[in-house]
2 protein chains.
Amino acid sequence: MTRPTFKSFKEEALKREGVKKSYDKLSAGYEVRKQLIALRQKAGLTQEQMAEILQTNKSNISRLESVSSNISPKLSTLTDYAAAVGYKLKIVFVPDNEVRI
Amino acid sequence: MTRPTFKSFKEEALKREGVKKSYDKLSAGYEVRKQLIALRQKAGLTQEQMAEILQTNKSNISRLESVSSNISPKLSTLTDYAAAVGYKLKIVFVPDNEVRI
DNA sequence: AAAGAGGTTATCACAAATGATAACTGCGTC
DNA sequence: GACGCAGTTATCATTTGTGATAACCTCTTT
């Protein structure tokens, strides 16, 4: 065998992609939404008040927080939301060493 | 004074928003892009190889990584990118206790 | 039971991110 | 200098997130 180069790397990558595509988008999104709700509630705000601060409508806040929503928000949307309650966003990339069955 | 309620909270929030709007979008985006590039390079991949894994084109990868780009990527875009190099995304909300002049 | 508060869902219009193609730069190599 | 490699930039088409409005649901209160 040659040393691990692009071809093998790509296969591994695609394996990850394939297995986790739907799962990831759901879980990542799910976690974020839970955090959004928690942040807002900790600040003691309603969706409507949140909407007022962010100069939008409560329905949009609801959609953003909604777990069943399968939209993938923009980074700036999350940043704005966080800023509205006095937080900032930190994006961390963690190695994905999970065992695949 | 009454206890701190929505009105005062909103004023503070808007202050944060106003001061940091442009700054935040730049800095947050800037940091992320630097991380993206670092991740890809650590994996020893070119933009073109990255594009192949993600089944897109190298120009799109370049745009995503480009610091001068003022787009705000979708969460799923970052997640996919990270997954391609064996990482997952963790989004942390940190209190923004910075001193404002 | 009527009214209000808090949240959800549907829909439409609009803005913005992404996909795709092509042309270009800079750089090293032959 | 021609060639290939890595990355950039511009442009257009398409997809998708977001803004806005309205109707609805569930509690709670009166």
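Everything numeric in this text was worked out from a predicted model, so none of it was measured.

Engineer: Hey, could you run me through the overall build of chain A in this one?
Structural biologist: Regarding its fold elements, chain A presents four helices and one strand. For chain A, the succession of helices and strands along the chain, N to C, is α-α-α-α-β. Buried positions account for 39% of the 101 residues belonging to chain A. Of the contacts formed within chain A by residues at least 6 apart in sequence, a portion of 56% connects residues at least 24 apart. Of the roughly 6100 Å² that chain A leaves accessible, carbon and sulfur atoms contribute 53%.

Engineer: I keep staring at unusual backbone geometry and nothing clicks. Help me out?
Structural biologist: A negative phi angle is the norm for most residues apart from glycine, just as the trans form is the norm for most peptide bonds. Phi is positive for Gln55(A), which is not a glycine, with a value near 55°. Structurally, Gln55(A) can be placed in the loop between α2 (47–53) and α3 (58–65).

Engineer: Which parts of the structure should I look at to understand the nonpolar core?
Structural biologist: One recurring pattern in soluble globular proteins is that nonpolar side chains are buried together. Judged by nonpolar contacts, the single largest core of 40 residues is most densely connected at Met50(A), Phe93(A), Met50(B) and Phe93(B). Setting aside residues up to four positions removed in sequence, Phe93(B) forms contacts with Gln35(A), Leu36(A), Leu39(A), Leu78(A), Ala82(A), Tyr87(A), Lys88(A) and Leu89(A).

Engineer: What's the story with the side chain of Arg40(B) in this structure? I'm lost.
Structural biologist: Residues and elements named next belong to chain B. Relative to the helices and strands, Arg40 is located in helix α1 (residues 6–42). The class of Arg40 is buried, set by a relative accessible area of 8%. In contact with Arg40, not counting residues within four places along its chain, are Leu45, Thr46, Gln47, Met50, Glu65, Tyr81 and Val85.

Engineer: Teacher, can you tell me more about the confidence of the model for chain A here?
Structural biologist: Residues shown with low pLDDT carry predicted positions that ought not to be read at fine detail. Mean pLDDT over chain A works out to 82, with 68% of the residues at or above the 70 mark. Model confidence for the complex: the whole-complex pTM is 0.84, and ipTM, which rates the interface, is 0.84.

Engineer: Would you take a moment to explain the protein's contact with DNA strand C for this structure?
Structural biologist: Lining the immediate environment of DNA strand C, one finds 20 residues, of which Gln47(A), Lys58(A), Ser59(A), Ser59(B) and Thr77(B) sit closest. Among the atoms of DNA strand C close to the protein, meaning within 4 Å, 53% are from sugar or phosphate groups. Interatomic distance of 3.4 Å between a side-chain N/O atom of Asn57(B) and a phosphate oxygen of DNA strand C. Those elements that place two or more of their residues in the surface near DNA strand C are α3 of chain A together with α3 (58–65) of chain B. For the surface near DNA strand C, a count of residues per class yields two nonpolar, 13 polar and five charged.

Engineer: Help me understand the protein's contact with DNA strand D in this model?
Structural biologist: Ser59(A), Thr77(A), Gln47(B), Lys58(B) and Ser59(B) are the nearest of the 19 residues found near DNA strand D. Within 4 Å of the protein, the atoms of DNA strand D are drawn from sugar and phosphate moieties in a proportion of 54%. Thr56(A) is positioned such that a nitrogen or oxygen atom in its side chain is 3.4 Å from a phosphate oxygen of DNA strand D. Within the backbone of Ser72(A), a nitrogen or oxygen atom sits 3.0 Å from a phosphate oxygen of DNA strand D. If you list the elements that add at least two residues to the surface near DNA strand D, you get α3 of chain A together with α3 of chain B. Grouping the constituent residues of the surface near DNA strand D by class yields two nonpolar, 12 polar and five charged.

Parameters and conventions
Residues numbered from 1 in each chain as written. Chains lettered and ligands numbered in written order. Predicted model: local features only at pLDDT ≥ 70, side-chain atom pairs only at ≥ 80, totals over all residues. Heavy atoms only, no water. Helix = DSSP H or I, 4+ residues; strand = E, 2+ residues; numbered from the N terminus. Buried < 20%, exposed > 50% of the residue type's maximum accessible area, 1.4 Å probe, protein only. Contact = heavy atoms within 4.5 Å. Areas by Shrake-Rupley, 256 points an atom, 1.4 Å probe, with all protein chains shown as cover. Core = buried A, V, L, I, M, F, W, Y, C linked by side-chain atoms within 4.5 Å. pLDDT = per-residue confidence, 0-100. Near = heavy atom within 4 Å. Polar contact = N/O pair within 3.5 Å; in protein donor to acceptor, adjacent residues only side chain to side chain. Nonpolar A, V, L, I, M, F, W, Y, C, P; charged D, E, K, R; others polar.

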